[in-house]
Structure formats: structure tokens, C-alpha cells
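Each chain, letter by letter, is given below.
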Amino acid sequence: MILSKEEITLKKIALCVKILRDEYNVTLSEFYIDTGIHLARIEQGKTNITISTLHKICEYFNITLSDFFMMMEEI
């Protein structure tokens with residue numbers, strides 16, 4: 001199965017979010033309690049999130065959007 005560019009981007013976002021959450025040792029439940037954001041579908045690459053949601057995720061992990069996109073490029 002060949003993935004579209006959009007699907008590849010969503011998968012990269014999903015992987016980066018999962019890596020960050022694992023590095024900070026934060027559960028899905030903890031993240032939701034702290035932010036009100038459900039990460040499960042985002043981490044599965046099934047949800048096309050907004051920039052504002054991505055910004056909130058980055059703020060939680062104390063990184064910039066620029067850092068996040070650089071991380072994506074390394075995948």
C-alpha cells in the first residue's frame with residue numbers, strides 16, 4: 001500500500017508525539033488530564049490536528065513548533 005504525502009505527514013506527527021510522550025514518561029491519561037487533548041487517535045495517525053493543537057502539545061513538552069518540525073524531518 002502506497003501512502004499519500006498527507007498520510008506520511010500524519011504518521012510522522014504521530015511518531016514524534018509518541019516519542020515526546022515516551023521521553024517525558026507521560027501516559028495518555030495524564031496528558032489528557034493536563035491538557036484536555038486526546039492523544040490516542042493523534043498517535044495512531046488517524047487525526048489531522050490543527051496547528052493550535054500541535055502548538056499546545058509542543059508547549060506541554062516545552063519545545064517550539066520549529067523544534068517539532070525539525071524532529072519530524074529527522075524521521
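Computed from a predicted structure; not experimentally measured.

Where nonpolar side chains cluster on the molecular surface, the patch consists of Met1, Leu3 and Ile8 and spans about 340 Å² of accessible area. Its place among the elements puts Ile8 in helix α1 (residues 5–23).

If you look at the biggest cluster of nonpolar residues, it comprises 17 residues, and the most contacted ones within it are Val17, Phe31, Leu39, Ile42, Ile57 and Phe68. Listing elements by their share of this core, those giving two or more residues are α1, α4 (51–60) and α5 (65–73). Tallying contributions element by element places α1 first for this core, with four residues. When near neighbours in sequence (up to four residues on either side) are disregarded, Phe68 contacts Ile13, Cys16, Val17, Leu20, Leu54, Cys58 and Ile63.

Further remarks concern α4. Every buried residue belonging to α4 is among Thr53, Leu54, Ile57 and Cys58, and all of these are buried. In an axial view of α4, the angular spread of the buried residues amounts to 140 degrees, which keeps them on one side of the axis. Residues of α4 that are buried make contact with α1, α2 (28–35), α3 (40–43) and α5. Among the residues trailing α4, Asn62 stands out with phi positive, at a value near 60 degrees.

Analysis parameters
Residues numbered from 1 in each chain as written. Predicted model: local features only at pLDDT ≥ 70, side-chain atom pairs only at ≥ 80, totals over all residues. Heavy atoms only, no water. Patch = residues over 30% accessible without salt bridge, like charges linked within 9 Å, V, L, I, M, F, W, Y side chains within 5 Å. Areas by Shrake-Rupley, 256 points an atom, 1.4 Å probe, with all protein chains shown as cover. Salt bridge = Lys/Arg side-chain N within 4 Å of Asp/Glu carboxyl O. Helix = DSSP H or I, 4+ residues; strand = E, 2+ residues; numbered from the N terminus. Core = buried A, V, L, I, M, F, W, Y, C linked by side-chain atoms within 4.5 Å. Buried < 20%, exposed > 50% of the residue type's maximum accessible area, 1.4 Å probe, protein only. Contact = heavy atoms within 4.5 Å. Arc of directions from axis to C-beta.

Limitation: the analysis is restricted to geometry and does not speak to function.
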